[in-house]
Each structure stands twice: as C-alpha cells, then as structure tokens.
Amino acid sequence: MISEFKIPLHRFDLNLLPADARQIGSEAFKMAVGVHFAAEYAASGQSAIVTVDDKEIGVMTYPRDADALDMIMPMLKAGKLAEAVPYLEAVNKDEPDNAAVLYNLGLCYSELGQFDEAIIRLKRAVQLDPKHAHSWIGIGNAYHRMRKPEQALEAFTEALRLNPKDAYTQRNLGGMLLAMKRPAEGVAYLRNALALMPDDPQSIYGLALGLSDLDTVDADREADGLFNRIIKEHPTSPVVEQAEKARTRLAHKGLQEGAVGGLRLDVLAYITDALRTFDKVGPKDMQRIALEIALKGQSGLDINNPAKQYTLKSLPGEFSGLQLLAIMYAAFQRVDPTADLGADFSKEYAVALKAYKGR
C-alpha cells in the first residue's frame, strides 16, 4: 500500500539526526533525513522515497518488494508532473543508472518547459540504453520546442532507425519535416503514421497539411478530404477549428484558380441571377434566403464540387455550393456589406450589378 505525507521543515525534530547533519538545507541534512525515514520504514517491511526542499520534507512509502518507479507512475498519469519531479529525482539519486527513471524525469521537465534539464536527463538515458527509442523521441520533442529543428530532426531520425514501425515517431518526424518546409518528405512519413494509426486525428491533420503544402490539384483535393474527415469523425479534436479554416483556404484557392481575367464567370452568372431573384421576391424573402444559406453553411458547403447539389425551403430548385455562396454574398451586399462571408466576390458583384442596372 502506498502512503504519502509531507512535514514542514520547522516541525521536523533535528535531534533525530546526527549532530553534524542538522544544518537545514545542507547536503548532509538532506542525506540524513533520507536515511532516517528509510531506516524507520525498513523496520516495518517498507521502502521510502524521501524529498527535501527549502520548505518541507516529502515521504512516499510503499511495499519493499515494489518498484519505486511504479509507485510514482500514478502521479505521472494523473498529470501531477511538478509533484512527481522531486520523487523522480530522489529515485534517480539512488538509482543513477536507471534509464527508465531518467526517461520519465526528462519527459516531466520537457512538459514543464525546462527543456535543458529534460535533454540532460534524456541524453543520459540513451547513454545508458542506446536503443531506448522513446528517449530519442523525447529529445526530439524538446529540441522542437526549443526551436532547434536540425537537432530535433536528428533525434527523430535516430528514434526511427531504432524502431522503424513506431507510428508516433513517423508522425513526429513527418511534422518536423513540414515545419522545415520539406513537405514532400514529411508527407511520406505521415502516410506511414496514418497507415499504422488509421483513426489518429493528428496524423490525419498532419498529412492534410503536408498535402496542401505540395500545391498541386490532386494533393489539394486529397487534403480537403482529410480535413473534412477530421471535422466529421473527430468533432471534439482540438484541430477541428484549424481543419475548418484550412478547408476555407483551399476553397478560396480553387476559386482563384478558376478565374478568367480576374473574374469567376460562373460566380458572375450566379450573382446576376440572384439580383433578378431578389427584385422579384422582395427584401424580406431575400433576407430569409440569405439566412437559410448561412445556417446551411455552418455544416459546410462544398464549393468545389458542382455535382453536389443543395436545396432550400425558401427558394425552389437545386443549387451547387458555390452558387449558394454567391447568392448569399449578393444578399449580404444589400443587407450588411461589411459581413465577412469567407469569400471575396466583390469584383464579380460590381460587374454583375453594373450590368443588371444597365439592362
């Protein structure tokens, strides 16, 4: 059974220690405190991990036949990293050649933003166990957070050499290459990661980003499908918002590529038809149409697929996603020209309006 307690330094009886180890804060004091509690609990068949800082003494006791690191792992899993560090340091002091302890200590320091301390522990871990691939991943992540991409890339590459089938290493290495503006290489590793973890949203998102950086029609189409997959299959993922914005960027890119002489002729036609419709139905119905399209747009309009058709309750017929966006744009130019609809059809609207008024 695990037991943990803390004692303020001012409440600890210094008379329990040897006379030459009673100077609070000294190394002799810290060592003597550790020996005292270790001996006290050893008599009852237990082991103790003892920490001493400038305010208090921390003691964790556990069965003698248990592993010290196993006793600390629940703290790590609960995210109590700052609380776990002193205990890990204490175990590391007793077991300086334990690579697993150094690895967990290094990860804690990295998550706490103490990257130099993290790298020291993690590099010591790989010195003790050169095949400890996860320590190399930890080193790579720490260097990445320190904005040292070359060192991070070296660490991830070594981790992959040690364990070529590790999906997280593939994902990290792919993401690192994307950050270094090497998308073609990054995409290859991210494809491998996704093959190994088919439902991992970070792998899906990373691959989509890499494909969009390749800047080809086929790659953009595949990227859009992956971004859409995140939105639909992983709605609670923290990357959903970025995926939605990325889809918008790709859609705008597709619109620009389809322009002739700076104008989208299909959008020009859609806006012209919309102006005719608005004059027929009147302002109230125009607003009703715009509102319905805006609500439909919240779940996503596929503006790059003309075969995809939508219907409205407020307007008969079938419409493509691009056509609905053009109709809504025209309506908002009359209702609220300052509204940001995620598309700029100002040139097409100006030409259509001029032509319509001069008919």
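Q: What is the right way to look at the overall build of the protein chain in this model?
A: When you go through the protein chain residue by residue, the secondary structure sums to 16 helices and five strands. Against the 2.2 N^0.38 benchmark of 21 Å for 359 residues, the protein chain shows a C-alpha radius of gyration of 31 Å, more extended than a compact globule. In terms of its C-alpha atoms, the protein chain occupies a principal-axis envelope of roughly 105 × 45 × 30 Å. Looking at the 359 residues of the protein chain, the share that counts as buried comes to 43%. Here the analysis covers contacts within the protein chain between residues at least 6 apart in sequence; of these, 46% occur between residues at least 24 apart. By element, 52% of the accessible surface of the protein chain is carried by carbon and sulfur atoms, the whole surface being about 19,600 Å².

Q: Could you clarify how one ought to interpret the pairing of strand β2 (residues 46–52) in this entry?
A: Across a regular strand the side chains alternate sides, sitting on one face of the sheet and then on the other. Extensive coverage of β2 is indicated by the burial of six of its seven residues. Relative to strand β3 (residues 56–63), β2 is paired through seven bridges, and the arrangement is antiparallel. Opposite S47, over in β3, you have Y62 as the bridge partner. Taken together, β2 and the strand that follows it, β3, pair antiparallel across an intervening segment of three residues.

Q: Looking at this structure, how should I read the sheet that holds β3?
A: Sheet strands pair via backbone hydrogen bonds, and the direction of the pair is either parallel or antiparallel. The strand order β1-β3-β2 describes an open sheet built from three strands, whose pairing is antiparallel. One side of each edge strand has no neighbouring strand; the edge strands of this open sheet are β1 (3–8) and β2. Neighbour-to-neighbour, the strand axes of the sheet open up by a mean angle of 20 degrees, direction not taken into account. Of the pairings in the sheet, the one linking β1 to β3 comprises six bridges and is antiparallel in character. Paired with E4 across the bridge in β3 is M60. Its contacts with the sheet place helix α2 (residues 68–77) against β1, β2 and β3, and it is angled at close to 115 degrees to β3.

Q: What am I meant to see in the layout of surface pockets here?
A: In this approach a probe as big as a water molecule rolls over the atoms, and the regions it shows empty are the leftover space. By volume, the largest pocket is sized at about 820 Å³. R247, T248, G297, G300 and L301 are the residues nearest the centre of the largest pocket, which is lined by 28 residues in total. Only α11 (217–233), α12 (240–257), α14 (283–297) and α15 (321–335) provide two or more residues apiece to the lining of the largest pocket. In terms of residues, the lining of the largest pocket owes the most to one element, α12, which gives seven residues. Of the residues assigned to the lining of the largest pocket, the class counts are 11 nonpolar, nine polar and eight charged.

Q: Explain the environment of L102 here, please?
A: Assignment of secondary structure puts L102 in helix α4 (residues 99–111). For L102 and A125, which are 23 residues apart along the polypeptide, the C-alpha to C-alpha distance reads 5.6 Å.

Q: Explain the packing of aromatic side chains here, please?
A: Between two aromatic rings, the relevant description is the distance of the centres plus the angle of the planes. Throughout the structure, instances matching the rule amount to six aromatic pairs. Seen in terms of ring centroids, F5 and Y41 are 6.4 Å apart; in terms of plane orientation they differ by 45 degrees. Their pairing is tilted. With F5 in strand β1 and Y41 in helix α1 (residues 27–42), this residue pair connects regions lying 36 residues apart in the sequence. Seen from their ring centres, F12 and F37 are 6.1 Å apart, and the 40 degrees between their planes marks the pair as tilted. Remark: F37 occurs in helix α1 and F12 occurs in the loop between β1 and α1; sequence separation between them is 25 residues.

Q: Any chance you could explain the environment of K357 here in plain terms?
A: Along the polypeptide, K357 turns up in helix α16 (residues 346–357). Along the backbone, K357 and G138 are 219 residues apart, and their C-alpha atoms lie at a distance of 65 Å.

Q: Hey, could you run me through the pattern of salt bridges in this one?
A: When the charged atoms of two side chains with opposite charge come close together, those side chains can pair. A complete count under the given rule lists 17 salt bridges for this structure. The partner of R121 in a salt bridge is E117, and the shortest N-O contact between them spans 2.2 Å. One end of the pair, R121, and the other, E117, are both in helix α5 (residues 115–128), four residues apart, so they sit about a helical turn from each other. E117 sits in the partly exposed class, given a relative accessible area of 30%. A salt bridge links E158 to R161; the shortest N-O distance between them is 2.6 Å. Taken as a pair, E158 and R161 lie in helix α7 (residues 149–162) at a separation of three residues, close to a single helical turn. Judged by relative accessible area, which is 55%, R161 ranks as exposed.

Conventions we followed
- Residues numbered from 1 in each chain as written.
- Predicted model: local features only at pLDDT ≥ 70, side-chain atom pairs only at ≥ 80, totals over all residues.
- Heavy atoms only, no water.
- Helix = DSSP H or I, 4+ residues; strand = E, 2+ residues; numbered from the N terminus.
- Rg over C-alpha atoms; globule rule 2.2 N^0.38 Å.
- Buried < 20%, exposed > 50% of the residue type's maximum accessible area, 1.4 Å probe, protein only.
- Contact = heavy atoms within 4.5 Å.
- Areas by Shrake-Rupley, 256 points an atom, 1.4 Å probe, with all protein chains shown as cover.
- Pairing = 2+ DSSP bridges.
- Axes fitted to C-alpha atoms, helices over the stretch in contact; angles between N-to-C directions.
- 1 Å grid on protein atoms, 1.4 Å probe; cavity = no way out; pocket = protein on both sides within 12 Å on 5 of 7 lines; lining within 4 Å.
- Points joined across faces, edges and corners; volume = space filled by probe spheres on them.
- Nonpolar A, V, L, I, M, F, W, Y, C, P; charged D, E, K, R; others polar.
- Phe/Tyr/Trp six-rings, centres within 6.5 Å; stacked < 30°, edge-to-face > 60°.
- Salt bridge = Lys/Arg side-chain N within 4 Å of Asp/Glu carboxyl O.

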